[in-house]
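Remarks on the overall topology
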Amino acid sequence: MIAIYPGSFDPITLGHLDIIRRSSRLFEQVIVAVLGNPNKTPLFTVQQRLEQIRLTTKHLPNVEVDSFNGLTVNYANVRQAQVLIRGLRAVSDFEIELQMAHTNKTLSTQIETVFLATSNEYSFLSSSVVKEIAKFGGSVDHLVPPHIALDIYQCYNQNSPVLSPITTATILSPKTIPMDSQG
């Protein structure tokens, strides 16, 4: 049985990888399908994401990485997949994913959606959270694989202005201390 795990994976997180590993034990073949969404401005190109995911999943022999545009069910039909995999972090995810599963069922009755609950340690994690943390200079080392963390840091370092740090000496210089506090 062939299963497809579709998403933007911009970037792929340890939560995504948890779902991929667990899915690879359940299905003969898992295709991680990167969606090229023209409505989003991604951090990484589709090609970069494909390479990142391939490197991260190379130890899983039944996992393939591919990309597609358009409807997921059409891609699944072309790939002769019977299952779409979706990860659930919270009840709010379930509502959105259930609606999507019902919609997909109206488009193709041959495709089933399987929901996997995210492991507890990743229940808060999303690609958006990773990008937000990195954008403001926080560490994402515990949220994504090491090589992807490096890619993220490099991306934000290249795109962020270099700010000169404010030193204590600058803050406490006589010019910045009000006159009545100089004694």
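Small disclaimer: the values here were computed from a predicted structure and weren't measured.

1. Let's talk about the UniProt feature "site: Transition state stabilizer" (unreviewed entry) in the protein
Here the UniProt-annotated "site: Transition state stabilizer" (unreviewed entry) positions come out as His16. If you trace the backbone, histidine 16 turns up in helix α1 (residues 14-26). Among residues more than four places away in sequence, those in contact with histidine 16 are Tyr5, Phe9, Pro11 and Ser127.

2. Re the UniProt feature "binding site: substrate" (unreviewed entry) in the protein
Per the UniProt record, the feature "binding site: substrate" (unreviewed entry) sits at Ser8, Lys40, Thr72 and Arg86. With respect to the helices and strands, serine 8 occurs in the loop between β1 (2-7) and α1. What makes serine 8 partly exposed here is its relative accessible area of 26%. Ignoring anything within four residues of it in the chain, the contact list for serine 8 reads Val34, Leu35, Lys40 and Arg49.

3. Some points on the pairing of strand β4 (residues 83-88)
With five of six residues buried, β4 is to be regarded as a mostly interior element. Alignment of β1 against β4, held across two bridges, turns out to be parallel. Residue pairing across strands places alanine 3 opposite valine 83, the latter belonging to β4. Bridging between β4 and strand β5 (residues 112-117) involves six bridges; their strand directions are parallel. Residue valine 83 lies in a different strand from β5, and its bridge partner there is glutamate 112.

4. Observations concerning the packing of aromatic side chains
The final tally for this structure, using the stated rule, is three aromatic pairs. Look at phenylalanine 68 and tyrosine 75: their rings are 4.7 Å apart centre to centre, the planes differ by 20°, and that puts the pair in the stacked class. Seen from their ring centres, phenylalanine 94 and phenylalanine 115 are 5.9 Å apart, and the 65° between their planes marks the pair as edge-to-face. Here phenylalanine 115 lies in strand β5 and phenylalanine 94 lies in helix α4 (residues 91-107), a separation of 21 residues in the sequence. Overall, the relative accessible area of 35% leaves phenylalanine 94 in the partly exposed class.

5. Considering the side chain of serine 24
When you line up the elements, serine 24 lands in helix α1. Residue classification places serine 24 among the buried positions, given a relative accessible area of 13%. For serine 24, the residues in contact, after removing those within four places along its chain, are Val30, Leu60, Asn62 and Val63.

The rules behind each value
Residues numbered from 1 in each chain as written. Predicted model: local features only at pLDDT ≥ 70, side-chain atom pairs only at ≥ 80, totals over all residues. Heavy atoms only, no water. UniProt positions renumbered as here; feature names shortened; annotations may be inferred. Helix = DSSP H or I, 4+ residues; strand = E, 2+ residues; numbered from the N terminus. Contact = heavy atoms within 4.5 Å. Buried < 20%, exposed > 50% of the residue type's maximum accessible area, 1.4 Å probe, protein only. Pairing = 2+ DSSP bridges. Phe/Tyr/Trp six-rings, centres within 6.5 Å; stacked < 30°, edge-to-face > 60°.

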